[in-house]
Amino acid sequence: MALITKAIKGTKDVLPSEVYKNQYIEAKVLETAEKYGYKEIRTPVFEHTELFKRGVGDTTDVVQKEMYTFDDKGGRSITLRPEGTAGAARSFLESGLCNETLPQKVCYITSCYRYEKPQAGRLREFHQFGVECFGTQSPLADAEILSLAKSIFDNFGVKDLSLEINSIGCPKCRKEFHDALREYFSSRKDGLCDTCRDRLDRNPMRILDCKSPVCSEIAKDAPVVLDYLCDECKEHFEEVKKYLRAENIEFTVNPKIVRGLDYYTKTVFEFISDSIGAQGAVCAGGRYDGLIEELGGQKTPSLGFGMGIERLLLLMESQGCEFPEDSRPDLFIAALGDKATLKAVEIAKDMRGEGFSCIYDLNGRGLRAQMKYANKLGAKFTIVLGDNEVSSGIAKLKNMESGEETEIALATFVSGYYNITLSEQLKDLEINGESVDFGSLFGLGDKK
Ligand code: ATP
Ligand code: MG
């Protein structure tokens, strides 16, 4: 196939017949976030490269190996966002949200770009639902974002997810831990991959996060961060667990989780599933008390998480979670000839204005082909309009599911004809002498 008709490796189209699933997920996660006080923020797809180097950390896999970075025509180094936190944090500072009442709770659904080896659940362009809570040090907040993530999974009916949490301490307790790690890895240095050998000096904790199986094997018996927490961090972690228990949120403590961002502090967590193969982390996040300061702001303890939309979708499909039905046209008007087509345009305008979906053929098909087309679109009802129907003002309305046909006055579809709204008109519709609620006929309840 020619190159121009081939999508870039690791990218994926969402086709019209599938998009209702994404729309459902997106609407639902935003709705849930709103219940916790999160408002959407939209930030650009690219930022100065420096922001991610600082924000994500230049010893992380993301920055060292995975970023899409290029010079623009003005010679600036630009990077396509590999995650959502850095952009949101930049905006928090730049827009002055940082001077408003804290905490500021923001959320987003964004595309992210990482140069990784594509496989199921691992793409080069993927999408994240993320939340960021800027400006609170309370462990209540840690428990609250976990509760938010958990209730999203519960709402979707996702099962068998395990929540693993850890605390990776603050810069104070981290120092001692880093020393212990350096000591442990120094004697095993030769076995490490090149990147990790380099990390040994600069940020030894990153070695624990390396994906190379050789490094993971070496890291198996490495010192555990929980043994090095200072009193404040220990207490914070205990409080988080207390609040989780109060909400009956199950978790296990996994001292191996360190997370891929450099500025994570204290609580870190992952929601993991066995149902979608190797890429089992569906949601991950934690506290990043140092990030805002690192970016030049005031000390602003903060936290957040990112949830992979593609992985969530894979998970929901693999577990047979329910999606609402894809939308279908309420009415298809099969029009034959010029007069009938004009009438169809008029009816469709009024129907759409009243909140119904209404479709007619654009390609001059014959009657049989139009009915086939209506079937293909999944229309709930059709009416056929020819010259006769237009002059008599009466047409047949066909229920496409039952095949049942009824005569109907065309005037019924025209807004204001009876000096009442179309919805009211349709409500009082009589078919074969019986009154019919057109809204419920279309399965739309009391649609206004
Ligand atoms: P992994 O360990 O799988 O590489 P990560 O730690 O790099 O994940 P984060 O940076 O925490 O991932 O991103 C948050 C979430 O975004 C992940 O839990 C995952 O659901 C999703 N995600 C990350 N990278 C990808 C990707 N390349 N393709 C699809 N989803 C991804
Ligand atoms: Mg990764």
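Residues numbered from 1 in each chain as written. Chains lettered and ligands numbered in written order. Predicted model: local features only at pLDDT ≥ 70, side-chain atom pairs only at ≥ 80, totals over all residues. Heavy atoms only, no water.

### Section: the overall build of the protein chain
Within the protein chain, the regular secondary structure consists of 16 helices and 18 strands. In terms of overall dimensions, the protein chain is more spread out than a globule: its C-alpha atoms have a radius of gyration of 29 Å, far above the 22 Å expected for 448 residues. When the backbone C-alpha atoms are referred to their principal axes, the protein chain occupies close to 95 × 55 × 40 Å. Across the protein chain, the fraction of contacts at a sequence separation of at least 24, relative to all contacts at a separation of at least 6, is 69%. (Helix = DSSP H or I, 4+ residues; strand = E, 2+ residues; numbered from the N terminus. Rg over C-alpha atoms; globule rule 2.2 N^0.38 Å. Contact = heavy atoms within 4.5 Å.)

### A few points about the environment of Lys 53
Position of Lys 53 relative to the elements: it lies in helix α2 (residues 49-55). Owing to a relative accessible area of 37%, Lys 53 belongs among the partly exposed residues under this scheme. If sequence neighbours within four positions are ignored, Lys 53 has contacts with Asp 58 and Val 63. (Buried < 20%, exposed > 50% of the residue type's maximum accessible area, 1.4 Å probe, protein only.)

### Observations regarding the pairing of strand β5 (residues 104-113)
Looking along a regular strand, one sees the side chains alternate between the two faces of the sheet. Among the 10 residues that make up β5, 8 are buried, leaving the element largely enclosed by the rest of the structure. Across 2 bridges, strand β1 (residues 39-40) lies against β5 in parallel orientation. Paired with Glu 40 across the two strands is Cys 107, which belongs to β5. Relative to strand β6 (residues 125-134), β5 runs antiparallel, the two being bridged by 10 bridges. (Pairing = 2+ DSSP bridges.)

### So, a nonpolar patch on the surface
A surface patch of nonpolar side chains, about 240 Å² in accessible area, is lined by Val 45, Phe 46 and Phe 70. Take Phe 46: it is sitting in strand β2 (residues 46-48). (Patch = residues over 30% accessible without salt bridge, like charges linked within 9 Å, V, L, I, M, F, W, Y side chains within 5 Å. Areas by Shrake-Rupley, 256 points an atom, 1.4 Å probe, with all protein chains shown as cover. Salt bridge = Lys/Arg side-chain N within 4 Å of Asp/Glu carboxyl O.)

### Regarding the nonpolar core
Counting 43 residues, the largest nonpolar core has Phe 134, Ile 168, Phe 185 and Leu 192 as the members making the most contacts within it. Listed by contribution, the elements that provide at least two residues to this core are α2, α3 (61-66), α4 (85-94), β5, α6 (171-186), α7 (194-202), α8 (213-219) and α10 (291-294). Considering every element that reaches this core, the biggest residue donor is α6, with 5 residues. By size, the runner-up hydrophobic cluster in this structure holds 42 residues, among which are Leu 148, Val 240, Phe 305 and Leu 315. (Core = buried A, V, L, I, M, F, W, Y, C linked by side-chain atoms within 4.5 Å.)

### Things to note about the packing of helix α1 (residues 19-35) against helix α5 (residues 139-156)
The interhelical angle for the contact between α1 and α5, taken along N-to-C directions, is 140 degrees, at an axis separation of 10 Å. Here α5 runs oblique to α1, going by the angle between their axes. Relative to α5, α1 is oriented so that their crossing is right-handed. Of the residues in α5, those touching α1 at Tyr 24, Ile 25, Lys 28, Val 29, Thr 32 and Ala 33 are Leu 148, Ser 151, Ile 152, Asn 155 and Phe 156. Class assignment of the residues belonging to the contact of α1 with α5 gives a composition of 7 nonpolar, 3 polar and 1 charged. (Axes fitted to C-alpha atoms, helices over the stretch in contact; angles between N-to-C directions. Parallel < 35°, antiparallel > 145°, perpendicular 65-115°, else oblique. Left-handed = near helix turned anticlockwise from the far one by under 90°. Nonpolar A, V, L, I, M, F, W, Y, C, P; charged D, E, K, R; others polar.)

### Section: helix α11 (residues 309-318)
With 7 of 10 residues buried, α11 lies mostly within the body of the structure. Within α11, the full set of buried residues consists of Ile 309, Glu 310, Arg 311, Leu 312, Leu 313, Leu 315 and Met 316. Gly 320 lies just past α11 and shows a positive phi near 65 degrees.

### Structural notes on the pairing of strand β16 (residues 405-409)
By the alternation rule, side chains of β16 split into Thr 406 and Ile 408, which are all buried, and Glu 405, Glu 407 and Ala 409, of which none is buried. With 5 bridges connecting them, strand β15 (residues 394-399) and β16 associate as antiparallel partners. If you follow Lys 396 over to β16, its bridge partner there is Glu 407.

### A few points about α5
A rise of 1.5 Å per residue sets the reference length of α5, with its 18 residues, at 26 Å; its end C-alpha atoms lie 26 Å apart and thus fit the reference within 8%. In terms of residue burial, α5 counts as a mostly covered element, since 13 of its 18 residues are buried. (Expected span 1.5 Å × (residues − 1).)

### Quick look at the sheet that holds β2
Strand order across the open sheet formed by 3 strands is β2-β4-β3, with antiparallel pairing between neighbours. The open sheet has two edge strands with one neighbour each: β2 and β3 (68-71). Between one strand and the next, the sheet's axes are offset by a mean angle of 35 degrees, whatever the strand orientation.

### Overview of the pattern of salt bridges
Summed over the entire model, instances satisfying the criterion amount to 32 salt bridges. Across the salt bridge formed by Arg 90 and Glu 94, the nearest N and O atoms sit 2.8 Å from each other. Taken together, the residues span about one helical turn, with Arg 90 and Glu 94 both in helix α4 at a distance of 4 residues. Taking relative accessible area as the criterion, Glu 94 reaches 61% and is therefore assigned exposed. Across the salt bridge formed by Glu 239 and Lys 242, the nearest N and O atoms sit 3.3 Å from each other. With Glu 239 and Lys 242 both in helix α9 (residues 231-246), this residue pair falls 3 residues apart, about one helical turn. In this structure, a network of salt bridges that share partners links the residues Glu 18, Lys 21 and Glu 317.

Scope: geometric values only; no functional claims are made or implied.
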